[in-house]
Amino acid sequence: MSATTGYNFGYLDEDTKRMIRRALLKAVAIPGHQVPFGSREMPLPYGWGTGGIQVTASVIGPADRLKVIDQGADDTTNAVSIRRFFARVAGVETTERTAEASIIQTRHRIPETPLREGQILVYQVPMPEPLFRLEPRVAETKRMHALADYGLMHVKLYEDIARHGHVAISYNYPVMVNGRYLMSPSPIPAFDNPKMHRNPALQLFGAGREKRIYAVPPYTEVRSLDFEDHPFEPVRARAGCALCGSRESYLDEVVTDDAGGRIFVCSDTDYCQSRQARQEAAE
Amino acid sequence: MAYVAVKGGERAIEAAHAWLAEARRGEPAVPELGVDQVEEQLGLAVDRVMAEGACYDRGLAALAIKQARGDLIEAAFLLRAYRTTLPRFVAGAPLDTGAMRIRRRISATYKDLPGGQVLGPTFDYTHRLLDFALAAEGEAPPPPPEAPAEAERMPRVTGILAQEGLMQPEARGEAPAEAEPPDLTREPLAFPAARPLRLQSLARGDEGFLLALGYSTQRGYGNAHPFVGEIRMGEVAVEITPPELGFPIEIGEVTLTECQMVNQFAGSKTEPPQFTRGYGLTFGHAERKAMAMALVDRALRARELGEEATAPAESEEFVLYHCDNVEATGFVEHLKLPHYVDFQSELEKIRQLRATALREAAE
Amino acid sequence: MTRPMRMPLAAGFADPVLDAQCCFRAALEAMARPGRVQRVAAPPEAPPPLGGAAAALLLTLADAGTPVWLDAGPAAEAWLRFHAGCPIAAMPGEAAFLLATGAPPPLARLAAGSEEEPHRSATLILQVASLAEGDGWRLSGPGIEREHRLRVEGSPPGFAAEWAANHARIPQGVDLFLCAGDRLAALPRSTTLIPG
């Protein structure tokens, strides 16, 4: 029992953690396969990251250092709220530095700073089923995954190219994991997809409302779907960050007036601030 | 550049919480609402929150309603989030609604029947005229109702039909009777879902959603010919058998509303024409919900009865995945969380697609 | 389930919450990096022949929802039932977890999941004499950058061929923990094994 809250360490009871831990081990053993789990009601609403929170709560220990980001930033309100939740129910140290974190819970981004072995990236996932826009019936998509029958998705991408000259998906861009399962990378921008490929960190995915857990082990092949004559191309704004000057990072567009004025800044606040600090130190 | 990298999320959250508390309290000159007042005087709201919150505790439901400022879905969510932390001691014995201490019991299929019709506390024949005497707060306590017919056992209408062999008996299912039923709160839904699981899901389901679906079956989206065999509301004893005792003991009672809809069934290759049942059961007095649930339950049985299943209310996945209002409100409302990273990628994509389209148009 | 209340039972985890968390992280790391050896804090009094790592794994992962098959004798069975509350499976094919201190049942007889639900598969915990990185088996697959080497003393005869057959059933199949004393390593079904 945590002295400050009256709740168990990490909020979840031990039975629930055990159930989630078993699901996580199977998820790691079958990369990209969605494992159903008995998702619990959490004190935060569905859609606010209940799946990621349950995964983090089942994994985290007193020795961990937790970073939480939303849209790449540590200071967005939901990231703040989740970080406070874990500081309260697990008493763990938190950090905003990617390099210092042992667990990073994220919504919609993969940090720019390359991850390393020993780190765990926990994704909050709204819709774990990559095929849901093409086939909403779960019983049907389950069958498609069993048969590795992903023709529907290939046809959709092909039609996009025929109509627009490009695949019209810009985020939540489907990936094939370990050459077997089609997987939703969660709604990260397609720009981030290549970071999933053979990443040294362990990537865990939790979908609370849809009650699914899945995983990508370290150094596992993660390919964004494409065609030989239309290779996958990650898109970012063609600009540099107005704060740190980066031309590699993913940028947020900030509207500065109502006359078309805009600037671009890094979405990853830790990456941007570290660069600014280094530049100041060099001056 | 104050608009960049909005620092101070933490302060903003704290300020919002303080403002929320102030808004909840309202005008301080007006006396604060007591939880007991909610429990006693907004009883149907309490009932709905207990049903959708899947937790029978009038006091906690009343507290949730007060804390949620009267937002009943938010209150059900509060109750669910509390419920999920409670330890499980033992599974209760099946409730015997046949032994209900009845406050209301009506049948639309018989003019009179053993036990009689008991109107009970119903809006049914009120004239919906605003009662300005209530606004004056000078309400005189009404005379006590007639003592209910305590001793008389009230047989269920479906039982009366069954005597004649006209009512399809309830299937026990493949599991032995003593097997524990599936538990929606521990295991995720899997399809095809057995009826116990469907009924669990509907019992927690959103009243409005079930109402609309039930209504749709009456308007031709589904093959419904329903009659209200019976609606009964009253108190039922809850029993458990503690392992160390080995015999059942009563631990309290709950108020329930049960609705048995009787539907015509033309028969199949294996079964003669008969009536089939649609079943609704809810915590508290929640007649609209129980009736809607009974309609939807019957609609969801279409496939097992060999009927064509094409209407929305007959689609198991459609109904069960979408009837939970705590899940639904979470996913709908999460759209207000920041999505600017995804939106940015959409912006770039739309610009790219437009550029391609304009270039092609120019060629 | 009868709990042998009168038998003086050895203790389980010293701190059930934090010890289980620590052991799970070791297990997760092991499963995510096949062939890398992890150390766990063993429950102080697991009855032999139950080794420290195997005992810790079972306390961490098994409960009333997971039938366990084991060949470790009545003392270990009673200890596990008391601390984990898990049912004991009579047949290997019915078990979610299996603990083999001697020759394990054939992998092909264990639950391998279905095409749609390959996660409904058994996890075998196999006690071996020793585990060391650096040479021995050549392992590759998800979780492994190029190759991991794992020297396992005391693995059952013919294991490499059995594992190859298990691996060939992907995505169905059995996952394996190897335990020696307080050390453990894992082979998920996705790992390719070349004897060396």
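Residues numbered from 1 in each chain as written. Chains lettered and ligands numbered in written order. Predicted model: local features only at pLDDT ≥ 70, side-chain atom pairs only at ≥ 80, totals over all residues. Heavy atoms only, no water.

Draft legend 1. Structural detail: the overall build of chain A. The number of helices and strands found in chain A is 7 helices and 12 strands. Taken along its principal axes, the extent of the C-alpha atoms in chain A is 60 × 60 × 35 Å. Looking at chain A as a whole, 65% of its 283 residues qualify as buried. When contacts within chain A are restricted to residue pairs at least 6 apart in sequence, long-range pairs at least 24 apart make up 60% of them. For chain A, the computed accessible surface area is about 10100 Å², with 50% contributed by carbon and sulfur atoms. Looking at charge distribution, chain A has the averaged site of its 34 positive side-chain charges lying 5 Å from that of its 35 negative ones. (Helix = DSSP H or I, 4+ residues; strand = E, 2+ residues; numbered from the N terminus. Buried < 20%, exposed > 50% of the residue type's maximum accessible area, 1.4 Å probe, protein only. Contact = heavy atoms within 4.5 Å. Areas by Shrake-Rupley, 256 points an atom, 1.4 Å probe, with all protein chains shown as cover. Lys, Arg positive; Asp, Glu negative; His and termini not counted. Charge placed at Lys NZ, Arg CZ, Asp CG, Glu CD.)

Draft legend 2. The arrangement of the interface of chain B and chain A in detail. Contacts between the two partners involve 45 residues from chain B and, on the opposite side, 65 residues from chain A. Viewed at the interface, chain A and chain B are joined by 23 residue pairs in polar contact (both at pLDDT 80 or more). For the side of chain B that touches chain A, the elements supplying multiple residues, two or more each, are α1 (9-25), α5 (72-83), α11 (316-322), α12 (325-333) and α13 (340-362) of chain B. For the side of chain B that touches chain A, the element with the most residues is α13 of chain B, which contributes 13 residues. For the side of chain B that touches chain A, the per-class residue count stands at 17 nonpolar, 12 polar and 16 charged. (Polar contact = N/O pair within 3.5 Å; in protein donor to acceptor, adjacent residues only side chain to side chain. Nonpolar A, V, L, I, M, F, W, Y, C, P; charged D, E, K, R; others polar.)

Draft legend 3. The sheet that holds strand β6 (residues 175-177) of chain A, seen in detail. All names here are of chain A. An order of β7-β6-β10 is seen for the 3 strands of this open sheet, with the pairing classed as antiparallel. Each edge of the open sheet is held by one strand with a lone partner, namely β7 (181-183) and β10 (222-224). On average, adjacent strands in this sheet sit at an angle of 30° to one another, irrespective of strand direction. Pairing of β6 with β10 involves 3 bridges; the strand directions are antiparallel. Each bridged residue has a counterpart across the sheet, and for Met176 the counterpart in β10 is Arg223. (Pairing = 2+ DSSP bridges. Axes fitted to C-alpha atoms, helices over the stretch in contact; angles between N-to-C directions.)

Draft legend 4. Geometry of the pairing of strand β5 (residues 130-140) of chain C. All names here are of chain C. For β5 and strand β6 (residues 148-153), the ladder comprises 7 bridges, and the chain directions are antiparallel. By the bridge assignment for β6, Leu131 is matched with Val152. Sheet analysis places β5 next to strand β9 (residues 192-194), joined by 3 bridges and oriented antiparallel. Across the sheet, residue Ser140 finds its bridge partner in β9, namely Thr192.

Draft legend 5. Quick peek at the pairing of strand β4 (residues 274-283) of chain B. Residue and element names in this part refer to chain B. A large share of β4 lies buried, amounting to 7 of its 10 residues. As paired strands, strand β3 (residues 249-265) and β4 are joined by 10 bridges and run antiparallel to one another. Counterpart to Cys259 in the pairing with β4 is Gly280.

Draft legend 6. The interface of chain C and chain A, seen in detail. Listed as interface residues are 39 residues of chain C and, on the opposing side, 45 residues of chain A. Across the interface of chain C and chain A, roughly 3300 Å² is buried in total on both sides, 60% from carbon and sulfur atoms. By the criterion of area lost to chain A, the three top residues of chain C are Arg33, Glu116 and His119 of chain C, representing 18% of everything that side buries. Summed over the shared surface of chain C and chain A, the result is 7 salt bridges. Among the salt bridges present, the one from Arg22 of chain A reaches Asp63 of chain C, with a minimum N-O distance of 3.2 Å. Linking chain C to chain A there are 17 residue pairs in polar contact (both at pLDDT 80 or more). Elements supplying a minimum of two residues to the side of chain C that touches chain A: α1 (16-32), α2 (52-61) and β7 (175-180) of chain C. With 12 residues, the single largest contributor to the side of chain C that touches chain A is α1 of chain C. In terms of residue class, the side of chain C that touches chain A is built from 20 nonpolar, 8 polar and 11 charged. (Buried area = accessible area lost by both parts, 1.4 Å probe. Salt bridge = Lys/Arg side-chain N within 4 Å of Asp/Glu carboxyl O.)

Draft legend 7. Structural detail: unusual backbone geometry. The omega torsion of the bond from Phe191 of chain B to Pro192 of chain B falls at 0°, within 30 degrees of zero and hence cis. Relative to the assigned elements, Pro192 of chain B resides in the loop between α7 (157-163) and α8 (195-204). In this chain, Ile170 of chain C is followed by Pro171 of chain C through a cis amide linkage whose omega measures 5°. Note on placement: Pro171 of chain C falls in the loop between α4 (159-167) and β7.

Draft legend 8. Representation of the pattern of salt bridges within the structure. Applying the stated criterion across every chain, the model contains 59 salt bridges over all chains. When the shortest N-O distance is used, the salt bridge between Asp47 of chain B and Arg58 of chain B registers 2.9 Å. Of this pair, Asp47 of chain B sits in helix α3 (residues 43-53) while Arg58 of chain B sits in helix α4 (residues 58-67), placing them 11 residues apart in sequence. Put simply, Asp15, Arg18 and Arg22 of chain A together with Asp63 of chain C are held in one network by salt bridges that share partners.

Draft legend 9. Just the domain arrangement of chain A, in detail. Residues and elements named next belong to chain A. Domain boundaries in chain A define domain 1 (14-224) and domain 2 (236-283). The C-alpha centroid of domain 2 is placed 26 Å from the C-alpha centroid of domain 1. Taken together, the contact pairs 14 residues of domain 1 with 10 residues of domain 2. For the domain 1 and domain 2 pair, buried surface summed over both sides reaches about 940 Å², with 46% attributable to carbon and sulfur atoms. For the pair domain 1 and domain 2, the number of links is 1 salt bridge. On the surface where domain 1 and domain 2 come into contact, there are 9 residue pairs in polar contact (both at pLDDT 80 or more). Looking at side-chain class alone, the side of domain 1 that touches domain 2 contains 4 nonpolar, 4 polar and 6 charged residues. (Domains from an automatic or database assignment.)

Draft legend 10. Region of interest: empty space enclosed by the protein. Applying the stated criterion across every chain yields a total of 4 cavities of 30 Å³ or more. Within this model, the largest cavity holds a volume of roughly 250 Å³. Around the largest cavity sit 20 residues that line it, and Lys211 of chain A together with Leu184, Leu189, Asp324 and Glu327 of chain B are the ones nearest its centre. Of the residues that constitute the lining of the largest cavity, the class distribution is 7 nonpolar, 5 polar and 8 charged. Of the volumes computed, that of the second largest cavity is approximately 140 Å³. Along the wall of the second largest cavity there are 16 residues; nearest its centre are Gly47, Trp48, Gly49, Val125 and Pro126 of chain A. For the lining of the second largest cavity, a count of residues per class yields 5 nonpolar, 9 polar and 2 charged. (1 Å grid on protein atoms, 1.4 Å probe; cavity = no way out; pocket = protein on both sides within 12 Å on 5 of 7 lines; lining within 4 Å. Points joined across faces, edges and corners; volume = space filled by probe spheres on them.)

Draft legend 11. View of the side chain of Arg40 of chain A. Here Arg40 of chain A is to be found in the loop between β1 (35-36) and α2 (50-59). Within the buried core, Arg40 of chain A has no salt-bridge partner, and the shortest N-O distance to an opposite charge, that of Asp13 of chain A, equals 4.9 Å. Excluding residues within four positions of it along the chain, Arg40 of chain A makes contact with Thr16, Met19, Tyr46 and Gln54 of chain A together with Thr84, Thr185 and Arg186 of chain B.

Draft legend 12. Structural context of the state of the cysteines. Overall, the coordinates contain 0 disulfides over all chains when judged by the stated rule. For the unlinked cysteine Cys266 of chain A, the closest cysteine sulfur is that of Cys244 of chain A, found at 3.6 Å. (Disulfide = S-S within 2.5 Å.)

Draft legend 13. Representation of helix α3 (residues 73-84) of chain C in the model. Residue and element names in this part refer to chain C. Across its 12 residues, α3 extends 16 Å between first and last C-alpha, which sits within 8% of the 16 Å expected from 1.5 Å per residue. Those residues of α3 lying buried are Ala76, Ala78, Trp79, Leu80 and Ala84. Buried-residue contacts for α3 involve α2 and β2 (68-70). (Expected span 1.5 Å × (residues − 1).)

Draft legend 14. Structural context of the environment of Arg275 of chain A. Take Arg275 of chain A: it is sitting in helix α7 (residues 269-282). Sequence separation between Arg275 of chain A and Val35 of chain A is 240 residues; the distance between their C-alpha atoms is 39 Å.

Draft legend 15. Spotlight on the packing of helix α3 (residues 77-89) of chain A against α1 of chain B. Closest axis-to-axis distance for the α3 of chain A/α1 of chain B pair is 9 Å, and the angle between their directions is 80°. Taken together, the axis directions place α3 of chain A and α1 of chain B in an arrangement best described as roughly perpendicular. Two secondary-structure elements touch here, α3 of chain A through Thr77, Val80, Ser81 and Arg84 of chain A and α1 of chain B through Gly9, Glu10, Ile13 and Glu14 of chain B. Residue composition of the contact of α3 of chain A with α1 of chain B, grouped by class: 2 nonpolar, 3 polar and 3 charged. (Parallel < 35°, antiparallel > 145°, perpendicular 65-115°, else oblique.)

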